[in-house]
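So the chains spell out like this:
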Amino acid sequence: MAEDVTFLDLACLMKISDDTTLERFGSAINASIFDASNIAGTLKQKDLIDFTSIFPGPNSIAVTENGKTVLREADQRSATPFDNLDKSILTQISNGRSSPKDIQSSISLNSRDLAMRLYKLSKQSLLTYELKSGNVEILLTEQGFLKASPQQQPMQPMRAMQTQTSFQMPQPQVPDADSQQQADQQVPNQTAQPSAPQEIHLHGKPMNKKIIAAAVAIIIIIAVAYLLSMKII
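Since this is a predicted model, take the numbers as computed values, not measurements. (Residues numbered from 1 in each chain as written. Predicted model: local features only at pLDDT ≥ 70, side-chain atom pairs only at ≥ 80, totals over all residues. Heavy atoms only, no water.)

(A) A look at helix H4 (residues 65–77). Here H4 contains 13 residues, and its C-alpha end-to-end distance of 18 Å stays within 8% of the 18 Å for a straight helix at 1.5 Å per residue. Within the span of H4, buried status applies to Gly67, Val70, Leu71, Glu73 and Ala74. Projected down its long axis, H4 shows its buried positions confined to an angular sector of 160 degrees, all on one face. Opposite the buried face of H4, by more than 90 degrees, sit the exposed residues Glu65 and Gln76. Among the structural elements, helix H1 (7–13), strand E2 (61–63) and helix H7 (111–123) are those in contact with the buried residues of H4. (Helix = DSSP H or I, 4+ residues; strand = E, 2+ residues; numbered from the N terminus. Expected span 1.5 Å × (residues − 1). Buried < 20%, exposed > 50% of the residue type's maximum accessible area, 1.4 Å probe, protein only. Arc of directions from axis to C-beta. Contact = heavy atoms within 4.5 Å.)

Here it is in structure tokens:
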């Protein structure tokens, strides 16, 4: 059995029916006449199909026994359970690798095994594909995307989180003897030293309360003497 079978080969083999002709093979795989001729030549070289070459045609095309064996094997392997390799392939597709060649280069898997895996994931509705211009484009289904995404850890209930969390009341900090002594030395002893008399600045010269009181008394005496002298006159 050919080891170089690709997923494009499998997809094209499934498009061949009893009434398919070589002239209509391009429309069956959504490719131009030139691309369809290249694909048909490749499948014949791998002994997967056979066709006639009658001019002007039409020419019949049919799947060989070797090709039917490849399709039967793909159907058998599509029934196997989903595993880590399948998830790796889906992850590569979810990361933007939409062609079998890109997926093969990222996970280093031979083309035949990758073709069987992609066929299996397609049968399990985890991916879909489209034949276009001689190539195959692969896309994930919603179910396949969920399979490829990492599973999130369930959130813990609030009651369990509250029981696991311990709350501690802040303890008042009591200063030790050394720090208290340093604080006492820094605070000035206001009771030991009497406060200096409050000075009032008058025209730039400091004056205390006694001088001001004396000045006020002198002014009052002068004013009284002046009034008495006015009455005598």
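(B) Summary view of the layout of surface pockets. As a volume, the largest pocket reaches approximately 370 Å³. Lining the largest pocket are 18 residues, and of these Thr6, Leu8, Pro100, Lys101 and Asn135 sit closest to its centre. Going through the elements one at a time, H1, helix H3 (33–45), helix H6 (100–107), H7 and strand E4 (135–140) are the ones with two or more residues in the lining of the largest pocket. When residues of the lining of the largest pocket are assigned to their parent elements, the largest contribution, four residues, is made by H7. Considering only residue class, the lining of the largest pocket consists of eight nonpolar, seven polar and three charged. (1 Å grid on protein atoms, 1.4 Å probe; cavity = no way out; pocket = protein on both sides within 12 Å on 5 of 7 lines; lining within 4 Å. Points joined across faces, edges and corners; volume = space filled by probe spheres on them. Nonpolar A, V, L, I, M, F, W, Y, C, P; charged D, E, K, R; others polar.)

(C) Spotlight on the side chain of Gln92. Following the sequence through the fold, Gln92 ends up in helix H5 (residues 84–94). Sequence-distant contacts of Gln92, defined by excluding residues within four places in its chain, comprise Arg97, Ile103, Ser106 and Ile107.

(D) Quick peek at the packing of H4 against H7. Packing of H4 against H7 brings their axes to within 8 Å, and their N-to-C directions diverge by 55 degrees. By the criterion of interaxial angle, the relationship of H4 to H7 is oblique. In the packing of H4 onto H7, the handedness of the crossing is right-handed. Taking contact as the criterion, the partners of Val70, Glu73, Ala74, Asp75 and Arg77 in H4 are, on H7, Arg112, Asp113, Met116, Tyr119, Lys120 and Lys123. The class makeup of the residues in the contact of H4 with H7 is four nonpolar, no polar and seven charged. (Axes fitted to C-alpha atoms, helices over the stretch in contact; angles between N-to-C directions. Parallel < 35°, antiparallel > 145°, perpendicular 65-115°, else oblique. Left-handed = near helix turned anticlockwise from the far one by under 90°.)

(E) Region of interest: the pairing of strand E3 (residues 127–132). Examined bridge by bridge, E3 and E4 share six bridges and lie antiparallel to one another. Looking across to E4, one finds that Glu130 is bridged to Glu137. From the end of E3 to the start of E4, which pair antiparallel, there are two residues, and Ser133 there has a positive phi angle of about 55 degrees. (Pairing = 2+ DSSP bridges.)

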